[in-house]
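# Coordinate analysis (summary)
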Amino acid sequence: MASIDNPSTSPQSTALNTTLPSKLDPKAKRQQSNATGMRALLTALAQQETTIREGGGAKAIEAQHAKQRLTARERLALLLDPGSDLFELAAYAGFGMYDEWGGAPAAGVVCGLGRVSGRLCMIVANDATVKAGAFFPMTAKKVLRAQHIAMENHLPTLYLVDSSGIFLPLQEDVFPDQDDFGRIFRNNARMSAMGIPQITAIMGMCVAGGAYLPVMTDHVLMTEGSGLFLAGPALVEAAIGQKYSAEELGGATMHAEISGTVDFKEPNDHLCLARLRSLVGKLGHPARAPFDRAHYDVEKDAPRYPAEDLYALLDPDPARGSTNTYDMHELIARLVDRSEFDEYKPDYGRTVLCGYARVGGFAVGIVANQKQHQPHTSHTGEKRVEFGGVIYAESADKAARFILDCNQNLIPLIFIHDVNGFMVGRDAEWTGIIRSGAKMVAAVANSTVPKITVIVGGSFGAGNYAMCGKAYDPRFIFAWPTARYAVMSGASAAGTLVEIRIRTLERGGRKLSDAEKQEIRAGIQATYDAQTDCRYAAARLWVDAILDPAKTREAILLALEAASHNPVIERFHPGVLQT
């Protein structure tokens, strides 16, 4: 007979099983349809990204080579460690925004995380094949976003400069404001003060205000034939009547021998990049963040289910988004180590899932919208069904408390969006939905541990805020091709906008036929759908990257690794919470 004084001899099992089961059948008819639709979206994105990576096109690339210079992406291939790739950020920046100027693929600058001499670095490389590397409004904002990520995560930052400066036709939107071109140099100074290494390699033109960027970094490298000056020969002659060659004004030899501005003069791009790699390899190793990371085996600790199953999870048709129900546990099971998940309050506030897991050994807290409808029993005993993807009062209360716990215990947070917003109506108001929602938003806003956001489906209204949208400072924010980003869903918004348009026209004395009303509806719906598309969001830097769903785990792991470089975690002060 087992003794109660010796629990180890109890016949009952004491093993804790936190492995998530899976009922997802990728071969089922609906799931196959989902997967086909998702792969079609990925194919379309891949084709667009191929065009983006071509920069200014074949003729512009030939012109760059004629100057004995490599393109931005050719330089990156030499800079990065063999066998590694750039995790590109904001590839869609400026997408569809500057057609009247011939377009600006990737906003004329390539940014991303890459390994150089074994170090994870932020890399910013001007693409001189796009308008000579000139800064469009989104170029400046993209560089600022890259710097912001580097500052938050204490990442060494490498600049590959080849730029003619501000794109003058749009200078009013590039130059003067708080988050415009000048902020880049302010960030250079702030990053230096924070002890974040910055190294610049000038491999082309670096003129006008842009000339300050390299000189405000720790080291400056420059290739022969490049130029670094506040004003080029033509402007100098026009301004003060003096006539000098580009080399006399600001060539590599002059800056290496006379002004002393550059630290290393190199004969060509290849040797300049080799020198840059050598310098990065000698950087010190500051303290890391205090997050828990267990020993991790790539094969043994991988999720139990194939990542490709995620293609089958969501219906990619936005017209069916509101009726798209699925179990978010299935997604989590394909993201976390060994598919193990310690779910927090699983029987309470079921339309938001919270729990602890590991990704690549890193301990994480996960907050995710549950898209399956959930049974609910109120405090009065009334039974009802709560809609999946909607945040109810008890769900918000649970999530707020969970976020507080993660901050208290130094656990990074991952938010997975497919949210329609908060519940509305009399019953919701009586349960204090505004109070509970405010509590959740406050917890997210004041959170100090790293936050990583992944938008897999809808991200609408205040639900976007509560789930750590862009306004709430996620270290990284990613989106699936199925992501939709707006104040409300397309169907709801279109209905409201159509009624407003029709009433306005009819007040003006115009009687509309059913066909005319339908035409108005179709036009508004098409415009709204285009503006909620993930590429529209990515073009404006509302998301950092559009992910292949099967690579979501890799992206989260890289984001966690980046976040672990910053050892400084501010003390958590939740402020006044509505209770």
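Quick caveat: nothing in here was measured; it's all calculated off a predicted structure.

The rules behind the values
Residues numbered from 1 in each chain as written. Predicted model: local features only at pLDDT ≥ 70, side-chain atom pairs only at ≥ 80, totals over all residues. Heavy atoms only, no water. Core = buried A, V, L, I, M, F, W, Y, C linked by side-chain atoms within 4.5 Å. Buried < 20%, exposed > 50% of the residue type's maximum accessible area, 1.4 Å probe, protein only. Helix = DSSP H or I, 4+ residues; strand = E, 2+ residues; numbered from the N terminus. Contact = heavy atoms within 4.5 Å. Polar contact = N/O pair within 3.5 Å; in protein donor to acceptor, adjacent residues only side chain to side chain. Pairing = 2+ DSSP bridges. Right-handed = clockwise from strand over helix to strand, strands pointing away. Expected span 1.5 Å × (residues − 1). Arc of directions from axis to C-beta. Axes fitted to C-alpha atoms, helices over the stretch in contact; angles between N-to-C directions. Parallel < 35°, antiparallel > 145°, perpendicular 65-115°, else oblique. Left-handed = near helix turned anticlockwise from the far one by under 90°. Patch = residues over 30% accessible without salt bridge, like charges linked within 9 Å, V, L, I, M, F, W, Y side chains within 5 Å. Areas by Shrake-Rupley, 256 points an atom, 1.4 Å probe, with all protein chains shown as cover. Salt bridge = Lys/Arg side-chain N within 4 Å of Asp/Glu carboxyl O.

## Comments concerning the nonpolar core
Membership of the largest hydrophobic core comes to 75 residues, with the highest contact counts inside it found for Ile332, Ile366 and Ile416. Per element, the largest residue contribution to this core is seven residues, and it comes from helix H4 (residues 137-153). Those residues within four positions of Ile332 in sequence are excluded, and the remaining contacts are Leu20, Phe341, Leu353, Ile366, Ala368 and Ile416. With 30 residues, the next largest nonpolar core counts Ala393, Phe402, Cys406 and Ala428 among its residues.

## Remarks on the side chain of Asn126
Mapped onto the elements of the fold, Asn126 is located in strand E3 (residues 119-126). Since its relative accessible area comes to 7%, Asn126 is described here as buried. Reaching out from Asn126, the side chain makes a polar contact with the backbone nitrogen of Asp162 at a distance of 3.2 Å. Once residues within four sequence positions are removed from consideration, Asn126 is found in contact with Ala72, Gly108, Val109, Gly133, Phe135, Leu160, Val161, Asp162 and Ser163.

## What to know about the pairing of strand E17 (residues 451-460)
Counting buried residues in E17 gives 10 out of 10 residues, a clear majority hidden from the surface. Sheet topology places strand E15 (residues 413-419) next to E17; six bridges connect them, and they run parallel. Directly across from Leu413, in E17, lies its bridge partner Lys451. Bridge count between E17 and strand E18 (residues 476-479): four bridges; the pairing is parallel. In the sheet register, Ile455 faces E18, and the bridge partner there is Ala479. A crossover links E17 with its parallel partner E18, the connecting element being helix H15 (residues 461-466), and its sense is right-handed.

## Focus on helix H10 (residues 269-280)
Taking 1.5 Å per residue, 12 residues should reach 16 Å; H10 reaches 16 Å between its end C-alpha atoms and fits that length. Listed in full, the buried residues belonging to H10 are Asp269, Cys272, Leu273, Leu276, Leu279 and Val280. Across the axial projection of H10, the buried residues extend over an arc of 120°, all falling on one side. The N-cap of H10, judged by a side-chain oxygen 3.2 Å from the amide nitrogen of His270 a few residues on, is Asn268.

## Considering the packing of helix H3 (residues 72-79) against H10
Viewed as axis vectors pointing N to C, H3 and H10 meet at an angle of 45°, and their least axial separation amounts to 9 Å. The orientation of H3 with respect to H10, classified from their angle, is oblique. Read as a crossing pair, H3 and H10 show a hand that is right-handed. The residues of H10 that touch H3, namely those facing Arg75, Leu78 and Leu79, are Asp269, His270, Leu273, Leu276 and Arg277.

## Quick notes on a nonpolar patch on the surface
Taken together, the side chains of Tyr212, Met216 and Leu230 make up a nonpolar region of the molecular surface, amounting to roughly 290 Å² of accessible area. Topologically, Met216 is positioned in the loop between helix H6 (212-215) and strand E6 (219-223). With a relative accessible area of 31%, Met216 lands in the partly exposed category.

These results come straight from atomic positions and should not be treated as a statement about function.
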